[in-house]
Structures are given as structure tokens and as C-alpha cells.
Amino acid sequence: MSVLGIDQVTYGATDLAACRRFFLDWGLTLVEEQAQELVFETLNGCRVVVAHSERPGLPAGLEPDPTMREVVWGVANEADIAHFRARIAGLSSFVEGDGRIGCTDPNGLAIRLQVTRKRAIEVQCAQTNTWSERARVNQPSPAYDRATPIEVGHVVFFTEDVNATAAFYIETFGFALSDRYPDRGAFLRCAPEGGHHDLFLLQPPQARRGLNHVAFTVRDTHEVFGGGMHMSRQGWPTELGPGRHPVSSAIFWYFHSPAGALVEYYTDEDQLTGDWQPRDFTPGPTVFAEWAIKGGIDGHTRRQVSAEAPSGAFMTDKPKH
Ligand SMILES: [Fe+2]
């Protein structure tokens, strides 16, 4: 009886043409297109909706567009919907319709629950050889021309009250605290057993509400690099990456998004169970990134953008015509 993960995120934006190009380059599939709405899907059917700011029925955002307007969480079945309906039906923000129930969290974000529409899929992932385990034999590691994200793995919001907002998700929806910056940040996972965080809430020194980033899970480290270099070739600016988070252990790459704030490719986050004891960290640059490349890697030269171009060919270069 727990929330499974993110089924859909809905952005409000005005430059739908730029968002269309961006998310196609990002590796999503455009499954519906109307004048005021673009609907993309990841590999497992997780939806990324970009709605025009003036589309009727769009919930209020935490800040001016472009930004996130709504997060839809998935549950297993109607019994789970009934379980959570009983928890939120008394809230003044309660809504129900189109197979969803929902409310507004203490930070002001519209959240919805639905029976998950994501599909169980099989994907081939790179095996990693270590000194003690040789999982990849007679087989080179893959190199990716671009990414095709599996799903939206987590969302991150600025909040004016991290403790109240985290308590809401823990008490109402059964989320578990994974780690925290005391009174500054809360890493939350949907259930005791799962990936390190599905939701991260961050209360900056000058408290504000808003979207920080939306993170897309990819197969392996190589897909973070391949996807990031493709985005760079298409001209999209890196915020930071590739790099590695010490909290969660994930390899990441962040880009600026025309749909608001940042998007992230990530892989290899820590998997936790109910035995995990939350840790306290003091926020800072070295806690955010063990290492990271400012400005990213240029997809043509395969080097840091500020580095000189190399001479000679690479195995992954395309034949030049
Ligand atoms: Fe992230």
C-alpha cells in the first residue's frame, strides 16, 4: 500500500516549439500534439506533458511559468486509491475525476494519484567489471549516440518549509526519509524499499517556492554521457555535468530546460530498504557533487567545452561525407 513512483509531470510553458525540440532531443517520444499541449512518453510510458500556460484547467504553479504545474504519482490498484482517498478527502484542496484523486501539498504544488499507467519493460544495460566481479565477458561496453530515458525518477522543488512539506508526504502518502540537510533539505523515497529519492525538497537560505529539476532515469553511466553529448551537439546548455552525487551515489548531467528550471539524466543511485538509517549532511558544493564538469562536454570534440579540440578519429565518430 505505497506510492510506486512518478506517473506524469505537467509543465506550464509558453514556448511550446522550443519545448517540443528540447524533449525530442532529450529522447522522449511525442505521443499527442495539440495547439495547447504536447504529450511525451518515456520508455515505460511515464508521461511528460507540456501545456500552454493558458490551457484551461491547468493547476496553479509555485512560481511564474515556465515551471511544473502538477505531479501525478502512480499506485498499484483501485484499493490503493481508496486507501489514499480516505487520507486526503477531508482536505479543502481535494479533487477527484478522470481516474485521479488529488490535493495540493503544503508547498502549493498540485499532486494527483492514479492507478499507474506505466509499463513493465525490459531494457538491456551495460555490465560493469570490477576487481571482484567480472560480469562482462567477451563483450564491449555500449556507447550511446543519444539517450532514451526509461522514466521520470525524481522531482526536486524549492520550498519555504521543508519540515512541514516532508512531514506531509511521510504522514499522508507513506514516504520514507532517506537523508537530510537538517532544516534545509529532505530526500524522500515513496516506500521503505526503493531508489534513494523520488522527491527532494530543498529550502534555500532565502526561502522560496519553485521547481529545481526533473530527473530522468537512464540505463547506465554510458547513456548519461551519450545523452548529454547529444544534447550538447543540439546546442542545449549544460548547467553542470557530467558528475557524481556523493548523496545517492548517482552519476548525473544537468541541462537548462525551456519548460522551466533544469532536467537531469542520472543512473546508478543507491537502493535502500527499511534497514537504512537516514544521514544528516551539511549542504555545500562538495556534498552536491563529488566531482563535476562545469559547462559540460562538447559532443563533437568529446572534450570539456573549454578544452582544445583533439586531432584524429574516435571509434564512435560517424563517417564524414
Ligand atoms: Fe536529481
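Above this text sits the structure in question.
Quick caveat: nothing in here was measured; it's all calculated off a predicted structure.

Binding of the iron ion to the protein goes through His154 (NE2), His213 (NE2) and Glu264 (OE), at separations of 2.0 to 2.2 Å. Along the chain, the residues that donate to the iron ion are spaced as H-x58-H-x50-E. Taken together, the positions of His154 in strand S9 (residues 151-158) and His213 in strand S14 (residues 210-217) put the pair 59 residues apart, joining distant regions of the chain.

With that settled, consider the nonpolar core. Core analysis: the largest hydrophobic core is formed by 59 residues, its most contacted members being Tyr11, Phe23, Trp73 and Phe173. Within the second largest apolar cluster, eight residues are counted, among which are Phe158, Phe187, Phe200 and Val287.

Moving on to the sheet that holds strand S10 (residues 176-181). The strands that make up a sheet are held in pairs by hydrogen bonds between backbone atoms, and each pair lies either parallel or antiparallel. The strand order S19-S10-S11-S13-S9-S14-S17-S16-S15-S20 describes an open sheet built from ten strands, whose pairing is mixed. The open sheet has two edge strands with one neighbour each: strand S19 (279-280) and strand S20 (291-292). Pairing between S9 and strand S13 (residues 199-202): four bridges, direction parallel. Residue pairing across strands places Val155 opposite Leu199, the latter belonging to S13. The strands touched by helix H1 (residues 16-26) are S14, strand S16 (251-256) and strand S17 (262-267); relative to S17, the strand with the most contacts, the crossing angle is about 5°. Against the sheet, helix H4 (residues 221-233) engages strand S15 (238-244), S16 and S17, with an angle of about 20° to S16.

In total, this model carries 14 salt bridges according to the counting rule given. Residue Arg119 is joined to Glu41 by a salt bridge in which the shortest nitrogen-to-oxygen separation is 3.5 Å. Of the two residues, Arg119 sits in the loop between strand S8 (110-115) and S9 while Glu41 sits in strand S3 (residues 37-41), which places them 78 residues apart along the sequence. Given the relative accessible area of 12%, Glu41 is considered buried. Where Arg180 meets Asp280, a salt bridge forms, and the shortest distance between an N and an O atom there is 2.6 Å. With Arg180 in strand S10 and Asp280 in strand S19, this pair connects stretches of sequence that are 100 residues apart. Among the ionic contacts, a cluster of salt bridges with common partners joins Glu32, Glu41, Arg47 and Arg119.

Rules of the game
- Residues numbered from 1 in each chain as written.
- Predicted model: local features only at pLDDT ≥ 70, side-chain atom pairs only at ≥ 80, totals over all residues.
- Heavy atoms only, no water.
- Donors = N, O, S within 2.8 Å, 3.2 Å for Na, K, Ca; no water.
- Helix = DSSP H or I, 4+ residues; strand = E, 2+ residues; numbered from the N terminus.
- Core = buried A, V, L, I, M, F, W, Y, C linked by side-chain atoms within 4.5 Å.
- Buried < 20%, exposed > 50% of the residue type's maximum accessible area, 1.4 Å probe, protein only.
- Pairing = 2+ DSSP bridges.
- Contact = heavy atoms within 4.5 Å.
- Axes fitted to C-alpha atoms, helices over the stretch in contact; angles between N-to-C directions.
- Salt bridge = Lys/Arg side-chain N within 4 Å of Asp/Glu carboxyl O.

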